[in-house]
Amino acid sequence: MAQAALEQEQHGHVADTNTGISNRKLLMWVFLASDCLFFGSFIATYLVYRNESIVGPFPNEILDIPLTSVSTFVLLMSSLAMVLALHYAQKSQLGLTRFWILAVVVLGSVFLGFQVYEFKTFVNEGLTIRSNLFGTTFFVLTGFHGLHVLMGVLWLLGMAFAHFKGALTSRSVEDLEMAGLYWHFVDIVWIIIFTVIYLIGFSDGEGIETIEHAASIIGG
Amino acid sequence: MTTIAFPTLISRPTSYTGLWSWIGTVDHKRIGTLYGVTAFLYFLIGGIEALIIRGQLRTAENDLVSPEVFNQLFTMHGTTMVFMVVMPMSAAFFNWMIPLMIGARDVAFPRLNAFSYWAFLFGSIFLNLSFVFGGAPDAGWFGYANLTGNTYSPGDGVTFWALGLTILGVASLAASFNFVVTILNMRAPGMGLMKMPVFIWMALVTSVLMALAMPVIAVALIQLAMDRVLDTNFFNPVAGGDPVLWQHLFWLFGHPEVYILILPAMGIVSETLPVFSKKPLFGYPAIVLAGAVIGFMGWFVWSHHMFTVGLGPAANSAFTISTMLIAVPTGVKIFNWMGTIWGGKLHLNTSMLFSIGFIAMFIIGGLSGVTHASPPTDAQQQDTYYIVAHFHYVLFGGSILGLFAGGYYWWPKMTGKRLGETFGKWHFWTMLIGFNLTFGPMHWLGLNGMPRRISTYAEGMGWETSNAIATVGAMLIAVSVLVFIINVIRTISSKQEAEDDPWDGRTLEWSIPSPPPAYNFARIPQVKSLDDYWYTKHPELLHDERGEQAESVAPVEEDTHGGGSIHLPSMSYYPFVVAIGMSIGVIGFMDGQVDIPSTELQFPWLSAVGIVIGMWGLLGWIFEPVTEEGGH
Amino acid sequence: MANPISRAWRKLFYQDSGSYFLLPKVDAAYPDPPNEGPFGEAGPPVWHWIDRFTYGGKVATPFFYTIIGVWLALLTLVEVYFFTIDDFFGSFFVTIMLLLALLKFVIVVAFFMHLRFDKNILTLVFTAGFLIAIFVFVIMLSVQGQFAPSPQIAP
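Just so it is clear, the model here is predicted, and its values are computed rather than measured. As a convention, each chain's residues are numbered from 1 in the sequence order in which they are written. Ligands are numbered from 1 and chains lettered from A, in the order in which they are written. The predicted nature of this model means local features are confined to residues of pLDDT at least 70 and side-chain atom pairs, given and counted, to a pLDDT of 80 or more, with totals for whole chains, interfaces and linings taken over all residues. Water and hydrogen atoms play no part in the side-chain values, which are based on all heavy atoms of the structure.

Peer 1: Lay out the overall build of chain B in plain terms, naming residues and giving numbers.
Peer 2: A tally of helices and strands in chain B yields 18 helices and zero strands. With C-alpha atoms as the basis for the radius of gyration, the globule rule is written as 2.2 Å multiplied by the number of residues raised to the power 0.38. In terms of overall size, chain B behaves like a compact globule, its C-alpha atoms giving a radius of gyration of 25 Å where 632 residues would be expected to give roughly 26 Å. Its C-alpha atoms put chain B at 70 × 65 × 50 Å along the principal axes. Scored against the burial criterion, the 632 residues of chain B give a buried share of 62%. Elements are defined by DSSP. Helices are runs of H or I of four residues or more, strands are runs of E of two residues or more, and each kind is numbered from the N terminus. Only protein chains enter the area calculation, which uses a 1.4 Å probe; residues under 20% of their type maximum are buried, those over 50% are exposed, and those in between are partly exposed.

Peer 1: Explain the overall build of chain A to me, using residue names and the numbers behind them.
Peer 2: Along chain A, the regular secondary structure elements total eight helices and zero strands. Its helices and strands in sequence order give chain A the pattern α-α-α-α-α-α-α-α, from N to C terminus. Residues classed as buried in chain A amount to 62% of the 220 residues present. Note on contacts: a residue pair qualifies if any of its non-hydrogen atoms lie within 4.5 Å across the two residues. Residue pairs in contact within chain A that sit at least 24 positions apart in sequence constitute 81% of those at least 6 positions apart.

Peer 1: An account of the interface of chain C and chain B is requested, with residue identities and associated values reported.
Peer 2: With 10 residues of chain C at the contact, the number on the chain B side is 14 residues. Note: buried area is the sum, over both parts, of the accessible area (probe 1.4 Å) each one loses when the two are combined. Across the chain C/chain B interface, buried area totals approximately 1,100 Å², and carbon plus sulfur atoms make up 88% of it. Per-residue buried area on chain C facing chain B is highest for Ile132, Met140 and Val143 of chain C; these three make up 43% of the total on that side. Contacts described as polar in this section are N or O atom pairs within 3.5 Å, which, within protein, must combine one atom able to donate a hydrogen with one able to accept it, while residues neighboring in sequence count only if both atoms come from side chains. Our count for the chain C to chain B interface comes out at two residue pairs in polar contact (both at pLDDT 80 or more). Classification convention: Asp, Glu, Lys, Arg as charged; Ala, Val, Leu, Ile, Met, Phe, Trp, Tyr, Cys, Pro as nonpolar; all other residues, Gly among them, as polar. Residue composition of the side of chain C that touches chain B, grouped by class: eight nonpolar, two polar and no charged.

Peer 1: Which residues make up the domain arrangement of chain B, and what are the values?
Peer 2: Residue and element names in this part refer to chain B. Looking at the assigned domains, one finds that chain B contains domain 1 (28-549) and domain 2 (570-632). Inter-centroid distance (C-alpha atoms) of domain 1 to domain 2 is 29 Å. Listed per partner, the contact involves 23 residues of domain 1 and 25 residues of domain 2. Summed over both sides, the interface of domain 1 with domain 2 buries roughly 2,100 Å², with 74% coming from carbon and sulfur. One side-chain nitrogen of Lys or Arg within 4 Å of one carboxyl oxygen of Asp or Glu is enough to make a salt bridge. At the junction of domain 1 and domain 2, the tally comes to one salt bridge. Inspection of the region where domain 1 meets domain 2 yields two residue pairs in polar contact (both at pLDDT 80 or more). Where the side of domain 1 that touches domain 2 is concerned, the elements lending two or more residues are α4 (110-128), α5 (157-185) and α6 (198-230). For each domain, the first and last residues come from an automatic or database assignment.

Peer 1: Could you give an account of helix α4 (residues 93-112) of chain C, with specific residues and numbers?
Peer 2: Residues and elements named next belong to chain C. In this model α4 runs 28 Å from its N-terminal to its C-terminal C-alpha over 20 residues, within 8% of the 28 Å that 1.5 Å per residue would give. Within the span of α4, buried status applies to Phe93, Met97, Leu100, Ala101, Lys104, Phe105, Ile107, Val108, Val109, Ala110, Phe111 and Phe112. Looking one or two residues past α4, His114 carries a phi angle of roughly 70°, positive in sign. Each residue after the first adds 1.5 Å to the expected span of a helix.

Peer 1: Lay out the packing of helix α2 (residues 23-48) of chain A against helix α7 (residues 170-199) of chain A with the relevant residues and their values.
Peer 2: Residue and element names in this part refer to chain A. With axes taken as lines fitted to C-alpha atoms, and helix axes fitted only over the stretch in contact, angles between N-to-C directions fall between 0 and 180 degrees. Running from N to C, α2 and α7 cross one another at 15°; their axes reach a closest spacing of 11 Å. Relative to α7, the element α2 is oriented roughly parallel. As α2 runs across α7, the sense of the crossing is right-handed. The residue inventory of the contact of α2 with α7, partitioned by class, reads 18 nonpolar, no polar and seven charged. Roughly parallel here means an angle under 35 degrees, roughly antiparallel means over 145, roughly perpendicular means 65 to 115, and every remaining angle is called oblique. A clockwise turn of the near helix away from the far one marks a right-handed crossing, whereas an anticlockwise turn of less than a right angle marks a left-handed crossing.

Peer 1: I'd like a description of the pattern of salt bridges, backed by residues and values.
Peer 2: Residues and elements named next belong to chain B. Applying the stated criterion across every chain, the model contains 14 salt bridges over all chains. A salt bridge links Asp27 to Lys29, with the shortest nitrogen-to-oxygen separation between them at 3.2 Å. By relative accessible area, which is 6% here, Lys29 ends up buried. Across the pair Lys528 and Asp532 runs a salt bridge whose closest N-O atoms are separated by 3.6 Å.

Peer 1: If you had to explain the packing of aromatic side chains to someone new, which residues and values would you point to?
Peer 2: Side-chain rings of Phe, Tyr and Trp (the six-membered ring for Trp) are treated as a pair once their centres are within 6.5 Å; stacked means planes under 30 degrees apart, edge-to-face means over 60, and tilted covers the remaining angles. The tally for this structure, following the rule as stated, stands at 77 aromatic pairs over all chains. Where Phe296 of chain B meets Phe300 of chain B, the ring centres are 5.3 Å apart and the plane angle is 75°; that geometry is what we call edge-to-face. Taking relative accessible area as the criterion, Phe300 of chain B reaches 18% and is therefore assigned buried. For the ring pair Trp302 of chain B and Phe319 of chain B, a centre distance of 5.0 Å and an interplane angle of 70° mean the geometry is edge-to-face. Residue Trp302 of chain B is located in the loop between α8 (284-297) and α9 (313-341), and its partner Phe319 of chain B is located in helix α9; the two are separated by 17 residues in the primary sequence. Each member of the pair, Trp302 of chain B together with Phe319 of chain B, is buried. Grouping aromatic residues by their ring pairs yields a cluster made of Tyr46, Phe111, Phe119, Phe122, Phe134, Phe138, Phe139, Trp190, Phe194 and Tyr198 of chain A. A ring has a charge above it when a Lys NZ or an Arg CZ is no more than 6 Å from the ring centre and no more than 35 degrees off the ring normal. Directly above the ring of Trp22 of chain B sits Arg30 of chain B, whose terminal nitrogen or CZ lies 4.4 Å from the centroid.

Peer 1: I'd like a description of the confidence of the model for chain B, backed by residues and values.
Peer 2: Residues and elements named next belong to chain B. With 93% of its residues at a pLDDT of 70 or more, chain B shows a mean pLDDT of 90. Confidence scores here are pLDDT values: one per residue, from the predictor, ranging 0 to 100. Note that residues 560-564 has pLDDT below 50 and, in this model, three contacts with residues that lie over four places away or in other chains. Two summary scores accompany this predicted model of the complex, namely pTM at 0.89 and ipTM at 0.91.

Peer 1: So what's going on with the side chain of Ser116 of chain B? Which residues, and what values?
Peer 2: All names here are of chain B. Following the sequence through the fold, Ser116 ends up in helix α4. Looking at Ser116, the relative accessible area reads 0%, which means it is buried. Of note is the side chain of Ser116, whose polar atom sits 3.2 Å from the backbone nitrogen of Ala175. Apart from residues no more than four positions distant in its own chain, Ser116 is found in contact with Tyr35, Ala171, Ala174 and Ala175.

Below, the structure written as structure tokens:
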């Protein structure tokens, strides 16, 4: 197939498995498919409880869109850096590979820094994990995403310093590809979270509805 | 490979005998045996819980156990049977048979395989330790919120349940990834997807379902654990939380879960029926497609467990239609199995009896299941013993009988000895009669109004006779399990040696010695058709059964890496370490509150210790090569 | 073109597949029209532009990836800008946001994660999980009343 030939040319090898894909790459894709369900459940929980918090703080009072847009941009650029790192690894240029992996690590850490700052600000303003539904679902969803980012950062740190002992073998390039797939997945989950929580989250005047909701519970 | 000098505290195990060889094993056959033995022990424990339940319900207003203990018993019975018996027993057969049937030497990730088992073991031990540490969970195996919240379930039981099941979920998830990659990537040359045995197809569908469904319950359990330990608001009605959300998340997992429980048994039966009817499987593409369709459609029926929750007529109608539709592929499979038996030369040995018993009992369970598919009838049946009858017919009469069929079928392959036929037949008939005596009366008990999960009932309800019969049946089941245990002990201590292929089998696992050598296949077979081994033995049947002509056999290359020995993955104890570390870390998340909701973890240092151990194990795992130099 | 969806599409709509939905050719010598399929050459021309950089033996270059990154940044800017416009889209706001998010999702998955150029089995594996997640959670949200019209304030 033309695709197989292209893959051969791009990567220099086709694994001797039934599907032509190495075991570890297929494992990572199966893991990502299952992680879709994991994050999907948390996002669905957030959406079920959207506009349902009885007490504040409410999203429209507390979410800072400009700040989060910057952190989204940072994470997107880290994805770009990741794919460049893989590109140079496939071109067997170890120095540039290490540089771009470290770029990913730095950008990912910046993103985590933004998240930590945001969490601290929210807690100071009275939104905690147990204050209301918004707090619970928001912190748990973004918290698990942040955990995934942290694990990715640690993995890539290990890749940058410990993995490529002098030479880029096809196996170590494959490992980097696996790490890259994980990192991009974390990025696309953030794309969805950003849209769902920040952009869509309170487009219809949330505070008023929840007061009405609370009134109906107390009154009826 | 990378040779970072990661400090090893204990040298890597090398000997194949002794305790360390079991702790460090990465051989799929040994791991399968570990799964099987552990699952059978939990079968006994769950069975004892069931016997006590039946003893309590034997007569009206009995006081064998208190209501609190009764609640713990039925919760643990359900949790044990689903998560610690049927799933691991299926995993035992998957572990043993998938590489043998596809012509591989091991699974794709042997250490991940070992990790799955150890995580299962420690998770299940943790869950059962709840009996000792303050009471087992008592809110039902499905743990509906907000009964499971701090207000209505103070104490540690439900927290044990949530955390223990999370560990088990991780174990299943790891195993499912392993099997998907193994089946897709490691088949023998020439074995296309439509030339695989049906058992492997069912294993693939089951593993995909596990990979996609376990994350959903992991999320639900994490949310529940956070509600209990950290006082979050996921299912807290005071803050606006919705208990129905728990039901959605649980049954989004729960319905694919029941297909996870039944598809392996269906796969086993699809293997035994052709062998013992001396006929090829009828309608192979239809059975494969039906299995895949069941796996896909099983995602769209979950709210039929919630018909009485008040979702509204639109939702109820939609799920009614999807539930009724999913009976169709199941029916396709049953007709194909009957077509397999029809006109065949039947060998009614124990395995075949169990397989036929599976079909009969599963039909009964399926019929009662279809009556639940309609909300009006389900409104009467929900939370009564009619439902209990339904799911025991499909789970016991289906999964358990199917798993026993596989046990009797593959015992000679795994151990080199055949289980005794006389004892086997006694086992089958006492089990079948006992099972029907136990769960048959529950149909009319339920329709007469006896609710589920009640620890006792008033006199004069008209339920005593049926309950007494059910208790007698339960004791008969216990007797049958005893017969099985005696059969196993007699077989193990006997001196017989079965041939490599005692049943004249059709699939690849019968082409190697029994028990198989460590490397399974000396030469990886070249597969030309479905049931390839059968047509290698009987090439004259190729035209009669498949309408094909026999091809000349191409010489198979030696797969010995250039004149040397076959490389097998070396043993490793890091999976054991990571499993222990993860379990200890999760235990530390308990919060030890009894009455006063507290938001402190009781043992935060335990979590820290667990994380450190887990990280050490993980790093050791990453940096050690799969096969040591000089290993064989 | 080996995957079953492409084959089915081709079978249904293309001239030379003998499908039921098109009239059979009356003259065997009649030349095939240049526009095959219902969209013909009217499909997104951006694929051809992209393919010029990636297919035909050329490997995706850092320049190409940077362009993808620029597109992603632009899309994010557009999203945030739409967000700041009050009530510009009315009830279509959510749909547009989700479509933009989906577009970014597909771009990252297809190009950064290399799925466009990998074997189809990987696309199948990932899409199966993703689609099942979308389907079941949309169903659950609709059952829980999330797609009902929002309650109005009583006067």
